[in-house]
Amino acid sequence: MILKAIPALPMEPNVTSALLPTYARIDLAFEKGEGAWLEASGGKRFLDFGGGIAVASLGYNHPALVKALVEQGQKIWHTSNLFRIPEGEKLAQRLVDNSFADFVFFTNSGAEAMECAIKMARKYQYACGKPERFHIITFEGAFHGRTLSTIAAGGNKKYLEGFGPAVQGFDQVPINDLDAVKAAIGPQTAAILIEPIQGEGGIRVFEPAFLRALRELCDEHGLLLMFDEVQTGVGRTGRLFAYELSGVAPDIMSIAKGIGGGFPLGACLATAEAAKGMVYGTHGTTFGGNPLAMAVGNAVLDVVLSDGFLDHVARTGLLLKQRLAELRDRHPRVIAEVRGEGLMQGLRISEKVLNTDFAAALRDQGVLLIPAGDNVVRMLPPLIIGEAEVAEAVKRIEAACVATEKALDAPAKVQ
Ligand SMILES: *Cc1c(COP(=O)(O)O)cnc(C)c1O
């Protein structure tokens, strides 16, 4: 009864458990997966174009990932960061060799990778003799995680409400508004933080020119440029990192979701200059970078960095985008806009239809997509999909469009 007395979240009434009810969980549980397909208890199969929120980057039950996990599981799981972890040194070196960065700190999640990034930016300015510079400029619609500092960075009032005074030092400005960024830069500014493509915010892609302008502002004012690539990183956009699409490199970057292929793993990457304050004793983690995570991370990179893999992602992404644009042309009453890069695509749903209702209609057709801000449903499918999965997904999305159009045409229900 007490549950009913709390009006807060739209939890499905048939889903009750001892789990803290912070999610409105869909009444579906999956027992196994293969490639881009999930099988629910009861046997119904779903084409997963949500990828567990961009995490199942190589799909389900990928033989190389299973092998890496099982083999490492039979050797050693955990040793702590008091000792060398050779697989971690190897993964860090590979990330460095394939990015702008010189150093890597491993974490268990995206928010922790962001925590490291935020601490590093502040410590950099401190090490430069400017301890007053601890403010970070962020953007409306951003999402950086759910810890106290990352909800302050994200600035979403719903996520901040009731959790006491917000962590200081985040100045939020509208997106694509360079004058607002310039106006926000002051004697306390340490860095600018942006997702090259906003994920939770609704697959909002920033123009290369905008990111270049941020880079120039940072250089001009002695600020660090920080990219949150927790969702966009590790092949998602058809490049290893989304920043490559713009030709603008950050000083600090967080990654997570895709790098573990389903194993909890994140990382904060940085140039030696940006990392210069992070000396012995300034940061730490018990679990981050443990041998199990490192084995899986290396196995993910083996595949993502293999010859032609990223080209395959880029080509499949383009095909998906073209097919979705055709769907929009055929179903303008449902789909208002298609946007994204590579295998990170969003459908902005027309204002007559709620994105969550459309996601439910998609589930009825056996395809999983994920609601995001701005009335968008997003696609973050496993990067291993090909033409067959694209065709199958588009067929099912079209069926959901038709069902939605029928519902729109049906006379309004009498209460
Ligand atoms: C998911 C996400 C995070 C937070 O990652 P967690 O692993 O949930 O802590 C941070 N930034 C972006 C862009 C994300 O998409």
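So, how was this worked out
Residues numbered from 1 in each chain as written. Predicted model: local features only at pLDDT ≥ 70, side-chain atom pairs only at ≥ 80, totals over all residues. Heavy atoms only, no water. Helix = DSSP H or I, 4+ residues; strand = E, 2+ residues; numbered from the N terminus. Buried < 20%, exposed > 50% of the residue type's maximum accessible area, 1.4 Å probe, protein only. Contact = heavy atoms within 4.5 Å. Lys, Arg positive; Asp, Glu negative; His and termini not counted. Charge placed at Lys NZ, Arg CZ, Asp CG, Glu CD. Pairing = 2+ DSSP bridges. Axes fitted to C-alpha atoms, helices over the stretch in contact; angles between N-to-C directions. Near = heavy atom within 4 Å. Polar contact = N/O pair within 3.5 Å; in protein donor to acceptor, adjacent residues only side chain to side chain. Areas by Shrake-Rupley, 256 points an atom, 1.4 Å probe, with all protein chains shown as cover. Nonpolar A, V, L, I, M, F, W, Y, C, P; charged D, E, K, R; others polar. Phe/Tyr/Trp six-rings, centres within 6.5 Å; stacked < 30°, edge-to-face > 60°. Lys NZ or Arg CZ within 6 Å of the ring centre and 35° of its normal. Domains from an automatic or database assignment. 1 Å grid on protein atoms, 1.4 Å probe; cavity = no way out; pocket = protein on both sides within 12 Å on 5 of 7 lines; lining within 4 Å. Points joined across faces, edges and corners; volume = space filled by probe spheres on them.

Caption draft 1: Broad picture of the overall build of the protein. Of regular secondary structure, the protein possesses 14 helices and 17 strands. Principal axes of the C-alpha set define a box for the protein whose edges measure 70 × 55 × 50 Å. In the protein, which comprises 415 residues, the share counted as buried stands at 50%. Long-range pairs, those at least 24 residues apart, make up 72% of the contacts in the protein between residues at least 6 apart in sequence. Positive and negative side-chain charges in the protein, numbering 41 and 47 respectively, have mean positions lying 3 Å apart.

Caption draft 2: Here's a closer look at the sheet that holds strand β2 (residues 37–40). A sheet is described by the order of its strands in space; here 4 strands give the open sequence β1-β2-β3-β15, paired in mixed fashion. Edge positions in the open sheet fall to β1 (30–34) and β15 (367–368), since each of these has one partner strand only. The strands touched by helix α14 (residues 387–409) within the sheet are β2, β3 (45–48) and β15, with β3 carrying the most contacts at an inclination of about 110 degrees.

Caption draft 3: Representation of the site of the ligand. Around the ligand, the neighbouring residues are S109, G110, A111, F143, H144, G145, E195, D228, V230, Q231 and K257. Between G110 and the ligand, the recorded distance is 2.8 Å, taken from a backbone N or O atom to an oxygen atom. Protein contact buries 81% of the 380 Å² of open area that the ligand shows by itself. Within the shell around the ligand, the residues separate by chemical class into 3 nonpolar, 5 polar and 3 charged.

Caption draft 4: Structural context of the packing of aromatic side chains. Enumeration over the complete set of coordinates arrives at 7 aromatic pairs. Note on F30 and F46: the rings are 5.8 Å apart at their centroids and 80 degrees apart in plane angle, and the pair reads as edge-to-face. Here F30 is found in strand β1, whereas its partner F46 is found in strand β3, with 16 residues between them in sequence. One aromatic cluster is present, formed by F100, F241 and Y243 through successive ring pairs. Directly above the ring of W37 sits R45, whose terminal nitrogen or CZ lies 4.5 Å from the centroid. Here R146 stacks its cationic end above the ring of Y159, 3.6 Å away from the centre of that ring.

Caption draft 5: Representation of the domain arrangement of the protein in the model. Split by domain assignment, the protein resolves into domain 1 (1–14 + 24–50) and domain 2 (63–304). On a C-alpha basis, the centres of domain 1 and domain 2 stand 30 Å from each other.

Caption draft 6: Region of interest: empty space enclosed by the protein. Applying the stated criterion across every chain, the model contains 2 cavities of 30 Å³ or more. Every residue along the wall of the second largest cavity is listed here: L148, I151, L160, F163, G164, P165, A166 and V167.

Caption draft 7: Structural detail: the layout of surface pockets. For the second largest pocket, the calculated volume is near 750 Å³. Taken together, 27 residues make up the lining of the second largest pocket; nearest its centre are N81, V104, F105, F106 and H283. Put simply, the parts of the chain that give the lining of the second largest pocket at least two residues each are α4 (86–97), β4 (103–107) and α5 (110–127). With 4 residues, β4 is the single largest residue contributor to the lining of the second largest pocket. Its residues placed into classes, the lining of the second largest pocket shows 15 nonpolar, 9 polar and 3 charged.

Caption draft 8: Region of interest: the pairing of strand β14 (residues 344–349). Burial analysis of β14 places 5 of its 6 residues in the buried class, which makes it a mostly covered element. As defined by bridge partners, strand β13 (residues 335–341) adjoins β14 across 6 bridges and the pair is classed as antiparallel. If you follow E341 over to β14, its bridge partner there is M344. Hairpin connection from β13 to β14: 2 residues lie between these consecutive antiparallel strands, with G342 at a positive phi of about 55 degrees. The pairing of β14 with strand β17 (residues 376–379) spans 4 bridges and is classified as antiparallel.

Caption draft 9: The environment of A293, seen in detail. In this structure, A293 sits in helix α11 (residues 291–304). Separated by 58 residues in sequence, A293 and E351 place their C-alpha atoms 42 Å apart. The contact partners of A293, leaving out residues within four places of it in the chain, are F263, P264 and L265.

Caption draft 10: Summary view of the pairing of β3. Judged from the 3 bridges that link them, β2 and β3 form a sheet pairing that is antiparallel. Its bridge partner lying in β3, W37 is registered against L47. Between β2 and β3, which follow one another and run antiparallel, lie 4 residues, and G42 among them has a positive phi close to 105 degrees. Bridge analysis of β3 against β15 gives 2 bridges, and the strand direction is parallel. Each bridged residue has a counterpart across the sheet, and for L47 the counterpart in β15 is V367.

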